[in-house]
Amino acid sequence: MKVLYSGQAPYRYLPEDFAQRYDSVVTTPYLDLVEPANMQESLHSYVEELLLAARSGFDGVMVTEHSQTSYDLSPNPNLVAAILAHTTAVEGIDAAITVLGRSLGKSREPLRIAEEYAVLDTLSGGRLIAGLPVGLSYDANQNGGIPPIETRARYREGRALLEKAWSATEPFAWNGKYSRYPIVNIWPRPMQQPHPPFWIPGSGSPGTLAEILGHDEVFTYLSHFGPKLTGPRIFNRFWDMAEEMGRDRNPYRLAFMQVVCVGETDAEAEHLYGEHLQRHFRNSFGSVPMSGFSLPGYTDIRGVEAILRDHGDMGIAGRLREITFRELADTRAAIVGGPETVREQIIEFVKEFRIGNLLVMLHGGSMPHELARYNIGLFATEVLPHLRGIWDDEGWEHRWWPTGIGARTPAGSAAAV
Amino acid sequence: MHAEVAEGAREEVVSVWNDELEIHVQVAGSGPPLLFLHSAGGLRWGEFLDRLGEHYTIHAPQLPGTHPSDPHAIHKVDTFADLLLMYEELVRALGIAGAPVVAESFGGMIAVDLAAHFPALFSKLVLLAPAGLWLDDHPPTVFELTAAAPEEVPGYLFANPDSDIAKAFFALPDDPELIPGIVAALVWAQGCSGKFLWPIPDQGTAKRLHRVTAPTLIIFGSEDRVMPAIYGEEYARRIAGSRLEVIEGCGHIPQVEELDRTFELVMSFLEA
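Residues numbered from 1 in each chain as written. Chains lettered and ligands numbered in written order. Predicted model: local features only at pLDDT ≥ 70, side-chain atom pairs only at ≥ 80, totals over all residues.

**Here's the deal with the overall build of chain B**
For step 1, the next point in the chain: Within chain B one finds 10 helices and eight strands.
For step 2, the next point in the chain: In terms of overall dimensions, chain B is globule-like: its C-alpha atoms have a radius of gyration of 17 Å, near the 19 Å expected for 272 residues.
For step 3, the next point in the chain: Expressed along its principal axes, the backbone C-alpha trace of chain B runs to roughly 45 × 40 × 35 Å.
For step 4, the next point in the chain: When each of the 272 residues of chain B is scored for burial, the buried share is 48%.
For step 5, the next point in the chain: Sequence separation of at least 24 residues holds for 71% of the intrachain contacts in chain B that already meet a minimum separation of 6. (Helix = DSSP H or I, 4+ residues; strand = E, 2+ residues; numbered from the N terminus. Rg over C-alpha atoms; globule rule 2.2 N^0.38 Å. Buried ≥ 20, exposed ≤ 12 C-beta atoms within 10 Å, placed from the backbone. Contact = placed C-beta atoms within 7 Å.)

Here you go:
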């Protein structure tokens, strides 16, 4: 199994009563809540933790995109991905640079995404995993101003443009509905051919899964809504659909993001992390207004009706603003404990749902930098080595892993010696 | 709060846009023809239209995408300019060019811009809290309304959200099986209208309003939280010879919240 470190960049100094007073996105009042020095520290710690994970033997490091958001200070994840790509190249670290990713449903300049990703892939020596998310509704529609009903059409056109810009052998004109260019001829192109692997984050609706399986790409699911509740529905749906569509049961088709907190013992873990975790969930996704996940038009009419009839896919989403540590642990929205507990719970889940790529989030919310370092260190030494071989006996080929990894000495490694 | 059509209405399906798009039109009432353009939530046939139908044959087209037969028809309408041309074709195809138009909110924005593009298309315009203008100092709250939690919506639309009238407006059927379909249709209708209202409900109509020549009645509620009543003054200022009526203590849907007063104003204007 591939195990990647999943980064998120919250402002770490939100007030105790944040979730009662504010939304975490769109309207959150910056000047009332932020001390610039604390903001700088939050961003520095975020980057340092990503680098620490890369240096600690994770197979990859992951960043995400959210604008006008207090829980992820990452309006363009490629900014930090560039730091990671360069630093790992210089230090000779063969980790995947995973951007999950720039939103093609939100972007008014999809060609810029094609260019940025190509820079990252080249800078890293072919180690980019290119996430192609539609984009969360609040981000694409409220922050980005995209009419919700256009979000998916823009995504599809932007993606077609990106793929053509990467593969065309001659300059071409693009007369799209949303983008128009007289000549497209981007520099650089990705090093990986035909292109970096595409991983698609999604909430697991049947339409999205069919598209991902149809394209033969990686479905990436995030655990925020309590995978004990949502996992059986969504992963079983995925594998059922895979079978119907004639796809194999290769576990590397699935990526799963999971919050994990490791202590020396279960008791220590709960003591160290409980409060921070509770605050993390309450203040981040918990404080996104429910309407922000789907402004009218963002979800197809049939999808809206399906969710209204059965909102099981939403798990604990509606309760996150007041969620308790106990409920987070019970629903496995977070896996918390001593190394043995954490290993057991991860392995149980991974095997049950055939997950080939695990993205672990080891920092959240107000967790101080030193505690995050502790968590990363314990996970890397006590948990990670036990996960790597999970799928070895089945012998699957990982067809969605960057080809630049293990293929050559990373460019620039000589400079670090 | 759900779309309804009139009892005994007949549906006409009109093909426009070189036969690439079908628009569904509910036709009801008796008397000379009248065009009615619905709001962002889709067509809803209430008592106002029933009363109007005693005097006029109402033709009420449903915005592409908001008729249950083809939710994806909205994707055939690329721009607001195209929508106006489609509606102009529709009015001619129905054979009702020269009839008056009554239009609410989002529909008002379409009606007034049609009249600006095609000054002879309508004999008279009645605009009920029309959208379509933007003043930096008084931003409309169309964006906030669209993103609002369900429990906040009555406070946007009604001056008295706790009134029986408001409660009846938002009442859902007793049969829980019916509710998801109704709510989904309403949400989708907002999504379809949002194509022309989002993120800023201003398609440049203001600069074309000098072209409107049909007699125009503009009605606003003094307590409209979606399109503040100052937009009534702005419309009146920009449409020569138009008349503005502001109904005190009324919100964004005067034809529901102050039905009698609104109906009286509309009828006396249409019959004059």
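**Remarks on the overall build of chain A**
For step 1, the next point in the chain: When you go through chain A residue by residue, the secondary structure sums to 15 helices and 11 strands.
For step 2, the next point in the chain: Radius of gyration (C-alpha) of chain A: 20 Å, near the 22 Å computed for a compact globule of 417 residues.
For step 3, the next point in the chain: On the principal axes, the C-alpha backbone points of chain A span a range of 60 × 55 × 50 Å.
For step 4, the next point in the chain: A total of 417 residues make up chain A; the buried ones form 53% of that total.
For step 5, the next point in the chain: Here the contacts in chain A between residues at least 6 apart in sequence split such that 80% fall between residues at least 24 apart.

**Some words on the interface of chain A and chain B**
The figure often quoted for interface size is the accessible area lost as the parts come together.
For step 1, the next point in the chain: Each side of the interface is counted separately: chain A has 19 residues, and chain B has 22 residues.
For step 2, the next point in the chain: Element by element, the count of residues in the side of chain A that touches chain B is highest for helix H11 (residues 301–309) of chain A, at five residues.
For step 3, the next point in the chain: In the side of chain A that touches chain B, the residues fall into 11 nonpolar, four polar and four charged. (Nonpolar A, V, L, I, M, F, W, Y, C, P; charged D, E, K, R; others polar.)

**Digging into the packing of helix H2 (residues 80–94) of chain B against helix H3 (residues 106–117) of chain B**
A pair of packed helices can be characterised by two numbers: the angle between their axes and the separation between those axes.
All names here are of chain B.
For step 1, the next point in the chain: Packing of H2 against H3 leaves a shortest axis separation of 10 Å and a crossing angle of 80°. Here H3 runs roughly perpendicular to H2, going by the angle between their axes. For the pair H2 and H3, contact is made by Leu83, Leu84, Tyr87 and Glu88 and by Ile110, Asp113, Leu114 and His117, respectively.
For step 2, the next point in the chain: Residues belonging to the contact of H2 with H3 are distributed by class as follows: five nonpolar, one polar and two charged. (Axes fitted to C-alpha atoms, helices over the stretch in contact; angles between N-to-C directions. Parallel < 35°, antiparallel > 145°, perpendicular 65-115°, else oblique.)

**Side note on the pairing of strand E11 (residues 357–361) of chain A**
Residue and element names in this part refer to chain A.
For step 1, the next point in the chain: With five of five residues buried, E11 is to be regarded as a mostly interior element.
For step 2, the next point in the chain: Of the two faces of E11, the one lined by Asn357, Leu359 and Met361 and the one lined by Leu358 and Val360 are each fully buried.
For step 3, the next point in the chain: Bridge count for strand E1 (residues 2–6) against E11 is four bridges, and the pairing is parallel. Across the sheet, the residue bridging to Leu4 is Leu359, located in E11.
For step 4, the next point in the chain: Where strand E9 (residues 254–262) meets E11, five bridges bridge the pair, whose relative direction is parallel. Residue pairing across strands places Val259 opposite Met361, the latter belonging to E11. (Pairing = 2+ DSSP bridges.)

**Some remarks on the confidence of the model for chain B**
For step 1, the next point in the chain: Mean pLDDT over chain B stands at 96; residues scoring 70 or higher make up 99%.
For step 2, the next point in the chain: With pTM at 0.95, the complex prediction returns an ipTM value of 0.95. (pLDDT = per-residue confidence, 0-100.)

**A short note on unusual backbone geometry**
All names here are of chain A.
For step 1, the next point in the chain: Omega for the peptide link from Trp187 to Pro188 comes to -15°, which places this bond in the cis form.
For step 2, the next point in the chain: As for its placement among the helices and strands, Pro188 is situated in the loop between strand E6 (180–184) and strand E7 (198–201).
For step 3, the next point in the chain: Geometrically, the link from Gln193 to Pro194 is a cis peptide bond, its omega value of 5° lying close to zero.
For step 4, the next point in the chain: Here Pro194 is to be found in the loop between E6 and E7.

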